Amino acid sequence: ITPGLRRLVYLTTPPLWQSIADRELRRAAAAAAVELTPLLIEGPVSEDAVVRAILALSDSAGLVIADSGEFLALRDAIAAAALQRRIPSLGAQREFAESGCLASFGPDQSRLYVSMAGHVDRVLKGANPGDLPVPLPTEFDFILNRKTADALGLALPEGLRAQATEISG
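About the criteria used
Residues numbered from 1 in each chain as written. Predicted model: local features only at pLDDT ≥ 70, side-chain atom pairs only at ≥ 80, totals over all residues. Heavy atoms only, no water. Buried < 20%, exposed > 50% of the residue type's maximum accessible area, 1.4 Å probe, protein only. Helix = DSSP H or I, 4+ residues; strand = E, 2+ residues; numbered from the N terminus. Contact = heavy atoms within 4.5 Å. Phe/Tyr/Trp six-rings, centres within 6.5 Å; stacked < 30°, edge-to-face > 60°. Lys NZ or Arg CZ within 6 Å of the ring centre and 35° of its normal.

Attention now moves to helix H5 (residues 75–84). Owing to its 3.6 residues per turn, the α-helix brings residues three or four apart onto one side. Burial in H5 covers these residues: Ala 77, Ile 78, Ala 79, Ala 81 and Ala 82. The secondary structure elements touched by the buried residues of H5 are strand S1 (7–12), helix H3 (47–55), strand S3 (62–65), helix H4 (69–73), strand S4 (89–91) and helix H6 (94–99). Backbone geometry just after H5 places Arg 86 at a positive phi near 60°.

This is how it looks when you write it as structure tokens:
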């Protein structure tokens, strides 16, 4: 979507930045020759702190948002601030794209809930939780926001549109 983009800013918190998932993200970025810089929100995550941090970014980067309930709750403000700075943004839940981020990519939460319900049902029927496999997502949603792409002056290539689960906007 953004040809030549080689710098990503990762909106996260210090504990998340030290997590296994974020270490894997750093490895993937390095393998793709993409510079990944953390945008660490210290202390309690607040709308004011997140918006200020995004508005201070240079528009030569893309913004990736950590998979966190705190950031999900602020998705409208995050999307608006990224769009104001003309920064393409990506979140892990479909709600980010629906709120105005350029795209989202992550597990289909409704399928995870169905899987979790079956897991709970087996436990309630007497199964030992330690004996049950941990359900992992197998299907992922890739949502593109056409309105945001247009506002950023970005074309959505046909190949990318074909891979999208949904194109909103």
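Now that the structure is up, let's keep going.
Under the criterion given, the structure shown has three aromatic pairs. Joined through ring pairs, the aromatic side chains of Phe 105, Phe 140 and Phe 142 make up one cluster. A cation sits over an aromatic face here: Arg 26 above Trp 17, 4.3 Å from the ring centre.

Time to look at the environment of Gly 169. With respect to the secondary-structure elements, Gly 169 resides in the segment after strand S7 (166–168). The class of Gly 169 is exposed, set by a relative accessible area of 74%. When the C-alpha atoms of Gly 169 and Gly 106 are compared, they prove to be 19 Å apart, with 63 residues separating the residues in sequence.

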